[in-house]
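# Descriptive analysis of the structure
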Amino acid sequence: MQSTVLHNQNLFDISLQVNGNVLTVFELALLNGISPTDNINPAQKLEVVKSELIVQEVVDYFINKQHVIATGGVDGLEVRPTGIGYMIIGNDFIVG
């Protein structure tokens, strides 16, 4: 069986969606010849199988609620380093 990757999905999302258990990420990674932390692209096809570790109640929940898990996105998110070495006078603190 194949699954098509959607925008902002990662392998952990697909593992949870298909098997209701993020532990199956390792099975999916091995099956597809990739690392669990590799970036995957929207529209990419991945081989998926029902694992022995499946938690059917979780799978059914997402199906019944029609939820699609897509936690991999950081679109528009600006992450700025913090700490004294990165502080800007007038922005992070005011000298008075």
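Heads up: the structure comes first, above all this text.
On to the nonpolar core. In terms of nonpolar packing, the biggest core is built from 10 residues, these being Val5, Leu11, Ile14, Val18, Val25, Leu28, Ala29, Ile40, Leu46 and Val48. Elements with a minimum of two residues in this core: helix H1 (11-19) and helix H2 (25-32). Dropping the residues within four chain positions of it, Leu46 is found in contact with Met1, Gln2, Ser3, Val5, Leu11, Ile14, Asn32, Ile34 and Ile40.

A separate point is H1. Of all nine residues in H1, seven are buried, a share of seventy percent or more. Leu11, Asp13, Ile14, Ser15, Gln17, Val18 and Asn19 are the residues of H1 that are buried. Looking at the buried residues of H1, the elements they touch are strand S1 (2-4), H2, strand S2 (45-47) and helix H3 (56-65). The backbone nitrogen of Phe12 lies 3.0 Å from a side-chain oxygen of the residue at the head of H1, namely Asn10. After H1 finishes, the residue Gly20 shows a positive phi value of roughly 65 degrees.

Turning next to the packing of aromatic side chains. Two aromatic rings are characterised by how far apart their centres lie and by the angle between their planes. Under the criterion given, the structure shown has one aromatic pair. Taking 5.5 Å as the distance between ring centres and 75 degrees as the angle between the ring planes, the aromatic pair formed by Tyr61 and Phe62 counts as edge-to-face. Relative accessible area serves as the criterion here: at 16%, Phe62 is assigned to the buried category.

Conventions and cut-offs
Residues numbered from 1 in each chain as written. Predicted model: local features only at pLDDT ≥ 70, side-chain atom pairs only at ≥ 80, totals over all residues. Heavy atoms only, no water. Core = buried A, V, L, I, M, F, W, Y, C linked by side-chain atoms within 4.5 Å. Buried < 20%, exposed > 50% of the residue type's maximum accessible area, 1.4 Å probe, protein only. Helix = DSSP H or I, 4+ residues; strand = E, 2+ residues; numbered from the N terminus. Contact = heavy atoms within 4.5 Å. Polar contact = N/O pair within 3.5 Å; in protein donor to acceptor, adjacent residues only side chain to side chain. Phe/Tyr/Trp six-rings, centres within 6.5 Å; stacked < 30°, edge-to-face > 60°.

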